[in-house]
Amino acid sequence: MTGTDAHDPPPAATGRQSGPLIVTEDPGLLDDLLRLCAAAGATPEVHPSLPGRRSGWEAAPLVLVGDDAARRVRGAPRRRGVVLVGHDQDDPGVWRRAVEIGADHVLMLPDGEQWLVDRIADVAEGVGRPALTVGVIGGRGGAGASTLACALAVTAARQGLRTLLVDADPLGGGLDVLLGGETTEGLRWPAFAASRGRVGGGALEESLPALHSLRVLSWDRGDRVAVPPQAVRAVLAAARRRGGAVVVDLPRRIDDGAAEVLAQLDLGLLVVPAELRAVAAAGRVASAVGMVLRDLRVAVRGPYAPGLDDRAVAGLLGLPLAGEVPAEPGLPRAVEGGQPPGAAVRGPLARFCREFWERALTETEAGTR
């Protein structure tokens, strides 16, 4: 494995390289750093000392300085994203050298390998703002959560957001079926059952079925394969790093895998039919979900039982109201004909989803200021 030689131009056409800058003459340390870069999918630029081009130091998204090279880069301009890397766990002078070069972190291998792989992978993928991640869960069986999840994803993709729809319910029949793409090529959940550590966001996206301008992670029709919680965590984290929108159709039974998903959601929608038995069932679901997810809102679906309206349902559950999910005449027939929920641009369901995304994205923007 080799990095970009010192005389090679930076790989990015904009002048900003996509991989880290490595500064070291230590062969053993260089081998380790190149190995970690390869694991993260990044191609580094390698120099034995401070690059001759000042821009090489300043433009690199991440700089990995070997402990052997700390003195040679002492006069470099101060910048963020400098990591001093070494092997000697017992050297007390490493902290002084880190201060001298303005390093953000001191890392000793092999203990810090996973942290460094994650950091390099962030650089390689150009990580920015994570995806707005929304979970949809039914207050009772047949509440229409899968339909709403699909409609939200279809609407987000139509609005130009990079969108991933995740089916987190292995007993739900498969969202790819609801989208009319059960035979579309691409990986399903069982292919990720052995995932550990970090999953590449770009590789994940490219491996999934593409349907209606979005990507879908669903289940296949084979024997049920248990996906460990750590694999669920790794896959959803990779999806979020790509930005845009991630919509998750959640199971009503909150197991360890579902808890991993809930921990990464920005907000959840609890779909509740407006009838007393459904409200009672939804209360139990909300209690379980609320142990992990702080922002849970109610999406009420009619028709309404006597004495109930959308505000009354939200009040009984003690949760904020996201709105009323409208009925859409002819939706079952349209789905059978290959049109997914939310595909009718002027339909009431698409209108509800547009309004939801407008509010949610505005809240997200306000929260980052």
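Our subject is the structure listed above.
The rules behind each value
- Residues numbered from 1 in each chain as written.
- Predicted model: local features only at pLDDT ≥ 70, side-chain atom pairs only at ≥ 80, totals over all residues.
- Heavy atoms only, no water.
- Axes fitted to C-alpha atoms, helices over the stretch in contact; angles between N-to-C directions.
- Helix = DSSP H or I, 4+ residues; strand = E, 2+ residues; numbered from the N terminus.
- Parallel < 35°, antiparallel > 145°, perpendicular 65-115°, else oblique.
- Left-handed = near helix turned anticlockwise from the far one by under 90°.
- Contact = heavy atoms within 4.5 Å.
- Nonpolar A, V, L, I, M, F, W, Y, C, P; charged D, E, K, R; others polar.
- Phe/Tyr/Trp six-rings, centres within 6.5 Å; stacked < 30°, edge-to-face > 60°.
- Buried < 20%, exposed > 50% of the residue type's maximum accessible area, 1.4 Å probe, protein only.
- Pairing = 2+ DSSP bridges.
- Core = buried A, V, L, I, M, F, W, Y, C linked by side-chain atoms within 4.5 Å.

Caption draft 1: Just the packing of helix H1 (residues 27-40) against helix H4 (residues 113-125), in detail. Packing of H1 against H4 brings their axes to within 8 Å, and their N-to-C directions diverge by 55°. When the axes of H1 and H4 are compared, the pair comes out oblique. With respect to the hand of their crossing, H1 and H4 are arranged in right-handed fashion. Where H1 abuts H4, its residues Leu33, Arg35, Leu36, Cys37, Ala39 and Ala40 lie against Glu113, Leu116, Val117, Ile120, Ala121 and Ala124. Residues belonging to the contact of H1 with H4 are distributed by class as follows: ten nonpolar, no polar and two charged.

Caption draft 2: Spotlight on the packing of aromatic side chains. Tallied over the full model, the rule gives two aromatic pairs. Between the aromatic rings of Phe356 and Trp357, the centroid separation amounts to 5.3 Å while the plane-to-plane angle is 70°, which identifies the pairing as edge-to-face. Both residues of the pair, Phe356 and Trp357, count as buried.

Caption draft 3: Summary view of the sheet that holds strand E8 (residues 210-211). Within the open sheet, the eight strands sit side by side as E8-E9-E7-E10-E6-E11-E12-E13. Their pairing is mixed. Of all the strands in the sheet, just E8 and strand E13 (321-325) have a single pairing partner and so form its edges. Across the face of the sheet, helix H10 (residues 276-289) comes into contact with strand E6 (132-138), strand E11 (267-273) and strand E12 (296-301) while running at roughly 165° to E11.

Caption draft 4: Layout of the nonpolar core. Of all hydrophobic cores here, the largest spans 44 residues; its most connected members are Trp189, Val248, Leu270, Val313 and Leu317. Looking at this core, the elements that each hand over two or more residues are strand E7 (163-167), helix H8 (229-241), strand E10 (245-249), helix H9 (256-262), E11, H10, E12 and helix H11 (310-317). If you tally residues by element for this core, the top one is H8, at seven residues. Those residues within four positions of Trp189 in sequence are excluded, and the remaining contacts are Val166, Asp167, Leu217, Ser218, Trp219, Val227, Val232 and Val235.

Caption draft 5: Looking closely at the sheet that holds strand E5 (residues 105-108). The sheet built from five strands is open, its strands ordered E2-E1-E3-E4-E5 with parallel pairing. Taken across any chain shown, the strands that pair with only one partner, and hence form the sheet edges, are strand E2 (45-47) and E5. When strand polarity is set aside, the average angle formed by the axes of neighbouring strands in this sheet is 20°. Here four bridges tie strand E3 (residues 63-66) to strand E4 (residues 82-86), and the two strands are oriented parallel to one another. Following the sheet pairing, Val63 is matched in E4 by Val82. Contacting E3, E4 and E5, H4 runs over the sheet at an angle of about 125° to E5.

Caption draft 6: Molecular detail of unusual backbone geometry. Omega for the bond connecting Leu109 with Pro110 falls within 30 degrees of zero, at 10°, which places this linkage in the cis form. Relative to the helices and strands, Pro110 resides in the loop between E5 and H4. A cis amide bond, omega 5°, links Gly302 with the succeeding residue Pro303. Considering the arrangement of structural elements, one finds Pro303 in the loop between E12 and H11. Residue His212 is not a glycine yet carries a positive backbone phi of 55°. When you line up the elements, His212 lands in the loop between E8 and strand E9 (214-217).

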